[in-house]
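The residues making up each chain are set out below.
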Amino acid sequence: MMSQEQNDLITRVGPKAPAGKLMRMYWQPAALVDELAEGRPIKAVKLLGENFVLFKDETGRYGLLDRDCPHRGADLAFGRLENGGLRCAFHGWLFDATGQCLETPAEPANSSLCKNIKQRSYPVLEKGGILWAYLGEGEPPAFPEIDCFAAPGEYTFAFKGLIECNWLQALEVGIDPAHASFLHRFFEDEDTSAAYGKQFRGASADSEMPMTKVLREYDRPIINVEHTEYGLRLIALREIDEQRTHVRVTNQLFPHAFVIPMSTEMTITQWHVPVDDVNCYWYAIFTSYAAPVDKAKMRAQRLELYELPEYRSRKNKSNDYGFDPHEQATETYTGMGADINVHDQWAVESMGAIQDRTREHLGQSDKAIIQYRRLLRQEIEKVASGGKPLLFLDAASARSIQGPATMDGIGPTKGWETYWMEVDVKRRRGAPWAAPVPAELAKKVPHLTAAE
């Protein structure tokens, strides 16, 4: 258990909150590139409890400004895109992407008022199909050279979804290997050849066994947690028999992302981005190491559940997440359909807007969550003392953060420690793009070539 003060420390993200100051040391997903690709490219954005307006001017330059016009506070999200910037609809004040006021048309023709007015602006970068914003002070950090950023655009796909609860409980479900055997349990296995774009529906590497069968029948994983230069590595072991063990390697990417295998050919890198203290968006980049991503199919699959423009799930607390007691008795553990995003959303939203951790009782299966919370508190304290947190990178150090390795397969019970590395390296060296092999793995499995 923890105190209320400790819970507030690791969950609250406003500008003056300790965790909020930590989060502002990192680039944050602000929108999908798709959201500004067509029509009127202006979008109201709430991020880390603050209100902004995101826009793309006529030259294609992105801008992120405080949402209230510095004239008299009108909403810039209803402004007009013209003359090289965003014009407030109240009195026509015009601002460029840097926040500089360019025109104050209601003022006298010889007025120099606008020269001294600059709306607060924030850096914006396009990367991996996501628009990233830096809300902190000073020079922003470099992006790590992880797979989702290293892969060519045709091998990645980005999407997002709204979750109506605090960011931390949304993240923690992704660093909890044990929950998948229960929350995502299917009583019957599907044809794994139809698993494209679906999580936990394919077969584990080096086997014909569906992931659903593994999770259902082997529900007491041994969980190992290792500290890494990017956060945590989680290795979940489910022994099939004396000769074979199911190995699943996932990662916590500090501060609020995880990297997990989706299938033998694709991984998911997913951030849990605070809108405010009681809402968040998950932003995911799906990365393929085989064929280019079928983006139309991936998008169509997700739009069956998520409704635009808010990317809100059609199954939510207002309709009991589609709960069907007959389905719960005969088909799935939850009775909430086949999309595991719904299962996760129910689990984390049902905890309340901000989980009351003063009432929880953690067990052995929660060891990754325990380690992550320690790491989070450590890095919050580091920033409060004026230090740079984990993964706040300069250009040189960013090149050393690669991967991270992730896989799901069935290998030898004796020798799994090397097996998982071989699976990951083999996939990288066989990829049609230059997927980097993390130095740690290259040293331990140097015998694998691209041809193998």
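The preceding data block contains the structure.
Residues numbered from 1 in each chain as written. Predicted model: local features only at pLDDT ≥ 70, side-chain atom pairs only at ≥ 80, totals over all residues. Heavy atoms only, no water.

**Describing the environment of Tyr281**
Then, in step 1: Mapped onto the secondary structure, Tyr281 falls in strand S19 (residues 279–288).
Then, in step 2: The exposure class assigned to Tyr281 is buried, which follows from its relative accessible area of 16%.
Then, in step 3: Separated by 30 residues in the primary sequence, Tyr281 and Tyr311 have C-alpha atoms spaced 8.8 Å apart.
Then, in step 4: Sequence-distant contacts of Tyr281, that is, excluding residues within four places in its chain, are made with Lys160, Gly161, Leu162, Trp271, His272, Val273, Val275, Glu310 and Tyr311.
Then, in step 5: At 2.8 Å, the side chain of Tyr281 and the backbone oxygen of Glu310 are in polar contact. (Helix = DSSP H or I, 4+ residues; strand = E, 2+ residues; numbered from the N terminus. Buried < 20%, exposed > 50% of the residue type's maximum accessible area, 1.4 Å probe, protein only. Contact = heavy atoms within 4.5 Å. Polar contact = N/O pair within 3.5 Å; in protein donor to acceptor, adjacent residues only side chain to side chain.)

**Some thoughts on the sheet that holds strand S9 (residues 121–122)**
Then, in step 1: The strand order across the open sheet built from 4 strands is S2-S3-S4-S9, with neighbouring strands paired in antiparallel fashion. Edge strands, defined here as strands with exactly one partner in the open sheet, are strand S2 (42–47) and S9.
Then, in step 2: Across 5 bridges, the pairing between strand S3 (residues 50–56) and strand S4 (residues 62–66) is antiparallel. Paired with Leu54 across the bridge in S4 is Leu64. (Pairing = 2+ DSSP bridges.)

**Quick notes on the sheet that holds strand S6 (residues 85–87)**
Then, in step 1: Reading across the sheet, the 4 strands line up as S5-S6-S7-S8 and stay open at both edges, with antiparallel pairing between neighbours. The open sheet is flanked by strand S5 (80–82) and strand S8 (101–103), the only strands paired with a single partner.
Then, in step 2: With 2 bridges connecting them, S6 and strand S7 (residues 94–95) associate as antiparallel partners. Bridged to Leu86 within S7 is Phe95.

**Focus: unusual backbone geometry**
Then, in step 1: In this model, Leu308 is joined to Pro309 through a cis peptide bond whose omega is 5°.
Then, in step 2: With respect to the helices and strands, Pro309 occurs in the loop between strand S20 (306–307) and strand S21 (312–313).
Then, in step 3: Gly403 connects to Pro404 through a cis peptide bond whose omega is -10°.
Then, in step 4: On the secondary structure map, Pro404 appears in the loop between strand S22 (402–403) and strand S23 (407–412).

Purely spatial values, then, with no claim about function.
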